[in-house]
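Residue strings, one per chain:
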Amino acid sequence: MVLRFLKTCATVLCLSVLIGTTARADVAFLVILKVPQANEDAFDALAEKMLDASKADEGLLIYEFARTGETVYGYERYTDDAAHERHQVLIKRFLPELIELAEFERIVTLTDISERSRPGFEAMGAEIGALIGGVAQGSLGD
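No experiment lies behind these values; they were computed from the predicted model shown.

So, how was this worked out
Residues numbered from 1 in each chain as written. Predicted model: local features only at pLDDT ≥ 70, side-chain atom pairs only at ≥ 80, totals over all residues. Heavy atoms only, no water. Helix = DSSP H or I, 4+ residues; strand = E, 2+ residues; numbered from the N terminus. Buried < 20%, exposed > 50% of the residue type's maximum accessible area, 1.4 Å probe, protein only. Contact = heavy atoms within 4.5 Å. Areas by Shrake-Rupley, 256 points an atom, 1.4 Å probe, with all protein chains shown as cover. Salt bridge = Lys/Arg side-chain N within 4 Å of Asp/Glu carboxyl O. Pairing = 2+ DSSP bridges. Patch = residues over 30% accessible without salt bridge, like charges linked within 9 Å, V, L, I, M, F, W, Y side chains within 5 Å. Axes fitted to C-alpha atoms, helices over the stretch in contact; angles between N-to-C directions. Polar contact = N/O pair within 3.5 Å; in protein donor to acceptor, adjacent residues only side chain to side chain. Phe/Tyr/Trp six-rings, centres within 6.5 Å; stacked < 30°, edge-to-face > 60°.

Let's shift gears to the overall build of the protein chain. The number of helices and strands found in the protein chain is five helices and four strands. Secondary structure elements of the protein chain occur, N-terminal to C-terminal, as α-β-α-β-β-α-α-β-α. Split into buried and exposed, the 142 residues of the protein chain put 32% on the buried side. Expressed as a percentage of contacts within the protein chain between residues at least 6 apart in sequence, the contacts between residues at least 24 apart total 70%. Element-wise, carbon and sulfur atoms account for 59% of the exposed surface of the protein chain, whose accessible area totals about 9,300 Å².

Taken as a whole and assessed by the stated rule, the structure comprises seven salt bridges. In this structure, the salt-bridge partner of arginine 67 is aspartate 44, at a minimum N-O distance of 2.1 Å. Of the two residues, arginine 67 is situated in strand 2 (residues 60–68) and aspartate 44 in helix 2 (residues 40–54); the sequence distance between them amounts to 23 residues. By relative accessible area, aspartate 44 is classed as partly exposed at 31%. A salt bridge links glutamate 127 to arginine 106; its shortest N-O distance comes to 2.6 Å.

Quick look at the pairing of strand 2 now. As paired elements, strand 2 and strand 3 (residues 71–78) share eight bridges and run antiparallel to each other. Bridge pairing in strand 3 links threonine 68 to threonine 71. Where strand 2 hands over to strand 3, the hairpin turn is made up of two residues, of which glycine 69 adopts a positive phi near 65°.

Our focus in this paragraph is a nonpolar patch on the surface. A cluster of nonpolar side chains, namely Leu95, Ile99 and Phe104, defines an oily patch on the protein surface of about 270 Å² accessible area. By the secondary structure assignment, isoleucine 99 is in helix 4 (residues 95–101).

Attention shifts here to the sheet that holds strand 2. If you trace the four strands from one edge of the open sheet to the other, you get 2-3-1-4, paired in antiparallel fashion. Every other strand in the sheet has two partners, leaving strand 2 and strand 4 (103–109) as the edge strands with one partner each. Sheet twist, expressed as the average angle between the axes of neighbouring strands with direction ignored, equals 15°. Pairing of strand 1 (residues 27–34) with strand 4 involves six bridges; the strand directions are antiparallel. Paired with isoleucine 32 across the two strands is arginine 106, which belongs to strand 4. The strands touched by helix 2 are strand 1, strand 2 and strand 3; relative to strand 2, the strand with the most contacts, the crossing angle is about 170°. Along the sheet face, helix 3 (residues 81–91) touches strand 1, strand 2 and strand 3 and points at about 130° away from the line of strand 3.

Positionally, arginine 77 belongs in strand 3. With a relative accessible area of 17%, arginine 77 lands in the buried category. Within the local environment of arginine 77, its side chain forms a polar contact with the side chain of tyrosine 75, the two groups lying 2.9 Å apart.

Moving on to the packing of aromatic side chains. The full count for this structure, using the stated rule, is four aromatic pairs. Measuring from ring centre to ring centre gives 6.4 Å for phenylalanine 29 and tyrosine 78, while their planes differ by 25°; the resulting arrangement is stacked. Taken as a pair, phenylalanine 29 in strand 1 and tyrosine 78 in strand 3 lie far apart in primary sequence, 49 residues in all. Tyrosine 78 shares its class with phenylalanine 29; the two are buried.

As structure tokens, then:
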């Protein structure tokens, strides 16, 4: 009976560590785009298409845009590398139009980037952010 209890405790402890590690394996980054005023309406329409296509994107936590003048900020957060990769495949069809309408000014990672994701971010010219710390609500901060 005691041995069974200890095995159960060990299993629960191991699962807690694994779940905690998985919960913090998210991918988050900020994209800064320059969208000339002449392209604003077309860009907004494209952003809506991208947002609509992403609504059922499994593993996508946050995908949103905000505009100040000709600058558009995009914030993306995924549960893990695999979710980010699935999203890239999903929006690939929109990229030619996005590149035509907007200029990428900056991409900055906001989470630890795994060795698996690092080459893709570096190929995009992303700045790999050095984490200072952070607070998250819900499953990401557990």
